[in-house]
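This is what each chain is made of:
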Amino acid sequence: MPMKSKLRAAFETELHQATEAERGGELPRAWRHLERAHILSQAHAGPHVRVHCLMFAFGWRRGDVRELLGQLARILVAGPGSWLGRAPLGNTGGANVGILTPMPIPEDLRALLDA
């Protein structure tokens, strides 16, 4: 099922903000926007895989081997996890958290997901 328009717009906004933050050298802020995009994308295979690819690229640009390896695994399972409804809700998607660990969803994102 495709993303609803409000959810898609919020997802794309998070990705845009991640790009802008990284361009400005605000790396923690850029990563946080990627995490938020990940939370919004979990139920949708294409966007979910896309975020993991962007996280992989972010790790590549930083030379972060742990993130690269973690994202490779996540890229492989993100699509099937979304299709099967097995993506752990709220998980921020980085290699610093367990691949199947559910996490609290920020209230502003929860409102978008519940709509």
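Below you will find a few notes about this structure. (Residues numbered from 1 in each chain as written. Predicted model: local features only at pLDDT ≥ 70, side-chain atom pairs only at ≥ 80, totals over all residues. Heavy atoms only, no water.)

**A look at helix α1 (residues 5-23)**
Because an α-helix completes one turn every 3.6 residues, residues spaced three or four positions apart along the sequence face the same direction.
Right, on to step 1. For α1, with 19 residues, the first-to-last C-alpha span of 27 Å sits near the 27 Å given by 1.5 Å per residue.
Right, on to step 2. Residues L7, A10, F11, E14, L15, A18, A21 and E22 constitute the buried set of α1. Projected onto a plane normal to the axis of α1, the buried residues spread over an arc of 135 degrees and lie on a single side. Opposite its buried face, α1 presents the exposed residues S5, K6 and R23, each directed more than 90 degrees away.
Right, on to step 3. On its buried face, α1 sits against α2 (27-41), α3 (45-62) and α5 (107-114).
Right, on to step 4. Following α1 by one or two positions, G25 adopts a phi angle in the positive range, close to 80 degrees. (Helix = DSSP H or I, 4+ residues; strand = E, 2+ residues; numbered from the N terminus. Expected span 1.5 Å × (residues − 1). Buried < 20%, exposed > 50% of the residue type's maximum accessible area, 1.4 Å probe, protein only. Arc of directions from axis to C-beta. Contact = heavy atoms within 4.5 Å.)

**Focus on the packing of α3 against helix α4 (residues 65-83)**
Right, on to step 1. One way to put it is that α3 packs onto α4 with a least axis distance of 8 Å and a crossing angle of 175 degrees. The angle between α3 and α4 falls in the class roughly antiparallel. Contact residues: A45, H48, V49, H52, C53, M55, F56, G59 and W60 in α3; E67, L68, Q71, L72, R74, I75, A78, G79, S82 and W83 in α4.
Right, on to step 2. Taken together, the residues of the contact of α3 with α4 sort by class into 11 nonpolar, six polar and two charged. (Axes fitted to C-alpha atoms, helices over the stretch in contact; angles between N-to-C directions. Parallel < 35°, antiparallel > 145°, perpendicular 65-115°, else oblique. Nonpolar A, V, L, I, M, F, W, Y, C, P; charged D, E, K, R; others polar.)

**Focus on the side chain of R36**
Right, on to step 1. Its location among the elements puts R36 in helix α2.
Right, on to step 2. Given a relative accessible area of 14%, R36 falls into the buried group.
Right, on to step 3. Not counting residues up to four positions away in its chain, the partners in contact with R36 are E14, P106, D108 and L109.

**Re the nonpolar core**
Right, on to step 1. F11, L15, L34 and V51 are the most contacted members of the largest nonpolar core, which has 18 residues in total.
Right, on to step 2. For this core, the secondary structure elements donating two or more residues are α1, α2 and α3.
Right, on to step 3. In contact with L15, other than residues within four places in its own chain, are L34, A37, R50, V51 and L54. (Core = buried A, V, L, I, M, F, W, Y, C linked by side-chain atoms within 4.5 Å.)

**A closer look at the side chain of Q42**
Right, on to step 1. Note on placement: Q42 falls in the loop between α2 and α3.
Right, on to step 2. Looking at Q42, its side chain comes within polar contact range of the main-chain oxygen of P88, at 2.7 Å.
Right, on to step 3. The contacts of Q42, once residues within four sequence positions are left out, are H48, S82, A87, P88, L89, G90 and N91. (Polar contact = N/O pair within 3.5 Å; in protein donor to acceptor, adjacent residues only side chain to side chain.)

Everything listed here is a matter of geometry and, on its own, says nothing about what the molecule does.
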